[in-house]
Amino acid sequence: MLGRSSGPASLILASLAEGAKHGYALTKDIESFAGVRLAPGTLYEALGRLEASGLIEALESDDRRRPYRLTATGATALSTYLRSQRQVAEVGLRRLADSWGLA
Amino acid sequence: MTTTRRTIAPGTRGGEPHDQGQPGAAARRARLLLRWYPRSWRARYGEEFTELLIADLAERPRSWRRAADVARSGVLARLASAGLAGHPLDPAAAARSGLATLACSAAAFGVVGTAMSSQLAIGLQWSVPGDHYITVAMDLMSGALLVFAVLALLAAIPVAWAAIAGRSGRRAGALLRPAVLVSAGALILVVGGRHFGNGWPGTGGSWWAAHGLVPSGVAAFGWATTMSVSSFWAHPAMLAAFPAAERAWMVLSPAAAACLVTGVAQLVRRTELSARAIRYEMWLAGVAGAGMVAFLSGALCWVTAGVAGPQRLFHAGTVDLAGLAVLVVALATGAQAAQQARAAGRATLAGQAGQAGRPWPTRTPGR
């Protein structure tokens, strides 16, 4: 469901899973937990796609920085995506441990 | 109540939002960067994006990566706004934009195609080609142009109907300018085309172009309206020998064609078309696409045949090769626009169905 832009999209959804955030807060949060700094154009490109897909929604704001929030559909999509990624990670780690002795 | 977590951005005091005026250099640079994006995007995201850029500029005053990223993203947003890329802000508007871009592509194809086929028609007025390729090319090209003319008329009907039906509403003013552009452009082209068609190089040849499908009157009109598509621009000395009126027409006719096409594109973008009308236009676009491929095949047949004929009447020159390139680009652009318009039309329909099937307005938690 996250499609080709799953990289920035999953990072944004994971950040918003904690609560609503505006653009700058998203950038800093993603940088802190993923070590990736999303450039402004990339961030808003992904925000637009996620909003159009109904995975996030914009909230009313009393200043110029509009916050975004995860929708129920977005939470489900993120959960599905992360579970599949976890399965891939578990298989990869197990095989690395078996064949290469790397944990 | 929202659960917004406020992060203190650089350049803010005590977590307060930026000063609304933001007279600093960062604000100016942010506004400059924002110009990469189309107006509709700026209207939706402009303020918040500017705030993010100002904060980013405060942290990293010089960053070519940021500039390149904003430029790339802005161009993508512009393509989406023109119906040439996915994920537009408004699917209904994107469907109309796709149709408008398709109309522009078809117009470019039509102008260059007419110029190429009129050149062949002149040759056929004076000579019977010994090579089969030329007659096949002319049949394909003139047949495709005839189909284009019919399709253009069929495509105009629902747009004109919707424009007339909506003329008393709020959008009446918005439709006036494109309507004036279309009328003025068409009038100039028809009057000028009829006038300068009298000087057609095929005049005096056979009444019906030998082995072609184009009557000489139509060929003369096509030649006159596309006189500006010429290699003479690259030879100023030869161009200077043309009568002043013809030179003026070579400048005026493309301007008139641009007016006509711009007006049509604006009409399509500003007219509220029903989902049924969009589906109908998409069907016509499919037929037009097949016609473009047929025309292109004919043009390729002629250009690659390498037959010059007597007095080089069928010679394909550099301008024809450039014309072929324009045809290919127009076909590719039109195909992309049609694909995006179709997808946007489906998204619009899905959105309408979703709203119709929803019993109550949904309330989001926490709002």
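Residues numbered from 1 in each chain as written. Chains lettered and ligands numbered in written order. Predicted model: local features only at pLDDT ≥ 70, side-chain atom pairs only at ≥ 80, totals over all residues.

**With respect to the overall build of chain B**
Phase 1: Of regular secondary structure, chain B possesses eleven helices and zero strands.
Phase 2: Ordered by position from the N terminus, the helices and strands of chain B form the series α-α-α-α-α-α-α-α-α-α-α.
Phase 3: Partitioning the contacts of chain B with sequence separation of at least 6, the portion at a separation of at least 24 is 82%. (Helix = DSSP H or I, 4+ residues; strand = E, 2+ residues; numbered from the N terminus. Contact = placed C-beta atoms within 7 Å.)

**Digging into the overall build of chain A**
Phase 1: The helix and strand tally for chain A stands at four helices and two strands.
Phase 2: Secondary structure of chain A in N-to-C order comes out as α-α-α-β-β-α.
Phase 3: The buried share among the 103 residues of chain A stands at 41%. (Buried ≥ 20, exposed ≤ 12 C-beta atoms within 10 Å, placed from the backbone.)

**Remarks on the environment of F148 of chain B**
Residue and element names in this part refer to chain B.
Phase 1: One can find F148 in helix 5 (residues 132-165).
Phase 2: A tally of 21 C-beta atoms within 10 Å means that F148 is categorised as buried.
Phase 3: Placed 143 residues apart in sequence, F148 and G291 show a C-alpha to C-alpha distance of 7.2 Å.

**So, helix 2 (residues 23-34) of chain A**
Residue and element names in this part refer to chain A.
Phase 1: For helix 2, which comprises twelve residues, the first-to-last C-alpha distance of 16 Å matches the rise-based estimate of 16 Å (1.5 Å per residue) to within 8%.
Phase 2: All of the buried residues along helix 2 are G23, Y24, A25, L26, T27, D29 and I30.
Phase 3: Two residues or fewer past helix 2, G35 is found with a positive phi of approximately 70°. (Expected span 1.5 Å × (residues − 1).)

**With respect to helix 2 (residues 39-59) of chain B**
Phase 1: In the structure, helix 2 of chain B departs most strongly from a straight axis at Y45 of chain B, where the bend amounts to approximately 70°.
Phase 2: Turning to helix 2 of chain B, its buried residues are W41, Y45, E48, F49, T50, E51, L52, L53, I54, A55, D56 and L57 of chain B.
Phase 3: Of the surrounding secondary structure, the elements contacted by the buried residues of helix 2 of chain B are helix 2 and helix 3 (40-52) of chain A together with helix 1 (25-34) and helix 3 (64-81) of chain B. (Bend = angle between axes of the 7 residues up to and from the residue.)

**Some details on the packing of helix 1 of chain B against helix 2 of chain B**
Packed helix pairs are characterised by how far apart their axes lie and by the angle those axes make with each other.
All names here are of chain B.
Phase 1: Running from amino to carboxyl end, helix 1 crosses helix 2 at an angle of 135°, the nearest separation of the two axes being 9 Å. As judged from the angle between their axes, helix 1 and helix 2 are oblique. You can see that helix 1 and helix 2 cross each other, and the crossing is right-handed. For the pair helix 1 and helix 2, the contacting residues are A26, A27, R29, A30, R31, L33 and L34 in the first and R42, G46, F49, T50, L53, I54, L57 and A58 in the second. (Axes fitted to C-alpha atoms, helices over the stretch in contact; angles between N-to-C directions. Parallel < 35°, antiparallel > 145°, perpendicular 65-115°, else oblique. Left-handed = near helix turned anticlockwise from the far one by under 90°.)

**Thoughts on the nonpolar core**
The tendency in soluble globular proteins is for nonpolar side chains to be buried side by side.
Phase 1: I12 of chain A together with A103 and M141 of chain B are the most contacted members of the largest nonpolar core, which has 112 residues in total.
Phase 2: It is helix 4 (residues 91-126) of chain B that provides the largest number of residues to this core, a total of 18 residues.
Phase 3: When residues of this core are sorted by domain, at least three fall in each of domain 1 (25-81) and domain 2 (91-357) of chain B.
Phase 4: Once you skip the residues sitting within four places of it in the chain, I12 of chain A turns out to touch L26, A46, L47 and L50 of chain A. (Core = buried A, V, L, I, M, F, W, Y, C linked by C-beta atoms within 7 Å. Domains from an automatic or database assignment.)

**A short note on the environment of D320 of chain B**
All names here are of chain B.
Phase 1: Residue placement: D320 occurs in helix 11 (residues 318-357).
Phase 2: It is 9.6 Å that separates the C-alpha atoms of D320 and Q119, two residues lying 201 residues apart in sequence.
Phase 3: Once residues lying within four places of it in the same chain are set aside, the contact partners of D320 are M116 and V303.

**Brief notes about the confidence of the model for chain A**
Phase 1: Overall, the predicted model of chain A reaches an average pLDDT of 89, with 93% of residues at or above 70.
Phase 2: Across chain A, strand 2 (residues 68-70) of chain A holds the top mean pLDDT of 94, while helix 1 (residues 6-16) of chain A sits lowest at 91. (pLDDT = per-residue confidence, 0-100.)

**Examining the confidence of the model for chain B**
Residue and element names in this part refer to chain B.
Phase 1: Residue-level pLDDT values for chain B average 79, and 79% of them are 70 or greater.
Phase 2: This stretch, residues 1-22, has a pLDDT under 50; its non-local contacts, to residues over four places away or in other chains, come to 38 contacts.
Phase 3: Note that pLDDT drops below 50 for residues 355-367; the model gives that stretch four contacts with residues more than four away or on any other chain.

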